[in-house]
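Spelled out, the chains give:
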Amino acid sequence: MEGFLQALTAGLLIGAIYGLMCVGLGLIFGVMRVINFAHGDFMMLGMYAAFYLFTAFGIQTTFGNAVGPFVAILLAGPVLAVFGYATHLALISRVSGTRTSSLEGEGHYAQLILTLGIALILQNGGLIVFGSVLASIRTPLSSSAWELGPFFDIGIFVNKARGIDAVVSFATMILLTLLITRSRIGKSLRAAADNPTAATYMGIDVDRAHRVAFALGSGITAIAGGLLATNYPFHPFVGVEYVIVMYAGVVLGGMGSIIGAFWGGMTIGLVQQMSTLVLPTQLQNAAIFVVFLLIIFFRPQGFFGRMVERT
């Protein structure tokens, strides 16, 4: 029972970070309908942005080793949002939005090739700039824990860094939900996602809405990557390890559902940690995709997706 509760707690904590990763990708896909294979590499850039903001820009000196990493992580979000906005303006906009009407397959073929090319450039460029040595954003909180309980003579230990990571993830998700549902920008994003043609007739700049969505998705994923870096080392090719997890979470939650993407990521985190009770650590990803296939088999539209009736 103690091992079960400990794995459950760890799954919820890491799942919150996975959920935030999936939300960034889900926002981009939900609004733009773009399959972005470079999204994991934007997360990698977010990790390095947080790392260098913490170590080289005085944040460590100003805020200390305990609070400084989280300040750097939150600042990495806007940095990658600006980078994502510029990337969309210069490249992604050429094969998405209103320009896709003249492209074969609505631009999806070009989108796949372009995002794969961006991924390769970011990976190899990161290797040249950052090197191959593993980096991490370690804090004193990463090696200490809170004890909850005891409950029926069972104590549960919560890693302090992961606990704060989970709180930041939930807070970011709440703020994003408020932005999407209550603000003018959020309304334009939802209109561009639901019906781009009608949105254009209503005076909404669909291409600008897509740029904002891409910037928001990149910034949110950068924050998630920075939070992950407080417990796991990273390198320029780390995005490849997580991009499939992100897509699995988005599909599990339901294509186009931001809240669903978050809970899809939570599910992946739970399955990953709970599987260690019965399987070797090397088979964690195998367990994730077994559960993924089972859920998709019984509910193809995902947790929050809507079934499309065919006539």
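Note that the coordinates shown come from a computational prediction; the quantities given were computed from them, not determined experimentally.

What counts, and where the lines are drawn
Residues numbered from 1 in each chain as written. Predicted model: local features only at pLDDT ≥ 70, side-chain atom pairs only at ≥ 80, totals over all residues. Heavy atoms only, no water. Helix = DSSP H or I, 4+ residues; strand = E, 2+ residues; numbered from the N terminus. Rg over C-alpha atoms; globule rule 2.2 N^0.38 Å. Buried < 20%, exposed > 50% of the residue type's maximum accessible area, 1.4 Å probe, protein only. Contact = heavy atoms within 4.5 Å. Lys, Arg positive; Asp, Glu negative; His and termini not counted. Charge placed at Lys NZ, Arg CZ, Asp CG, Glu CD. 1 Å grid on protein atoms, 1.4 Å probe; cavity = no way out; pocket = protein on both sides within 12 Å on 5 of 7 lines; lining within 4 Å. Points joined across faces, edges and corners; volume = space filled by probe spheres on them. Nonpolar A, V, L, I, M, F, W, Y, C, P; charged D, E, K, R; others polar.

Draft legend 1. View of the overall build of the protein. Summing up its helical and strand segments, the protein has 11 helices and 2 strands in all. Against the compact-globule benchmark of 19 Å for 311 residues, the protein has a radius of gyration of 20 Å, which places it among compact chains. Taking the principal axes of the C-alpha coordinates as reference, the protein spans close to 65 × 50 × 35 Å. Expressed as a percentage of the 311 residues in the protein, the buried residues total 50%. Counting only contacts in the protein whose residues sit at least 6 apart along the sequence, the fraction spanning at least 24 positions is 73%. Where the 15 positive side-chain charges of the protein centre and where its 12 negative ones centre are 10 Å apart.

Draft legend 2. Layout of empty space enclosed by the protein. Counted by the stated rule, this structure contains 1 cavity of 30 Å³ or more. If you trace the largest cavity, you find it lined by Leu252, Thr267, Ile268, Val271, Ile288, Val291 and Phe292. Elements with a contribution of two residues or more to the lining of the largest cavity: α10 (258-274) and α11 (284-298). Of the residues that constitute the lining of the largest cavity, the class distribution is 6 nonpolar, 1 polar and no charged.

Draft legend 3. Inspection of the environment of leucine 127 at higher detail. By the secondary structure assignment, leucine 127 is in helix α4 (residues 108-130). Note on leucine 127: relative accessible area 34%, which makes it partly exposed. A C-alpha to C-alpha distance of 27 Å links leucine 127 and arginine 94, two positions 33 residues apart in sequence. For leucine 127, the residues in contact, after removing those within four places along its chain, are Ser132, Pro236 and Phe237.

Draft legend 4. A look at the environment of aspartate 41. Take aspartate 41: it is sitting in helix α2 (residues 39-56). Each C-alpha atom, one on aspartate 41 and one on valine 240, is 7.4 Å from the other, the two residues being 199 residues apart in sequence.

Nothing here speaks to function; it is all geometry.
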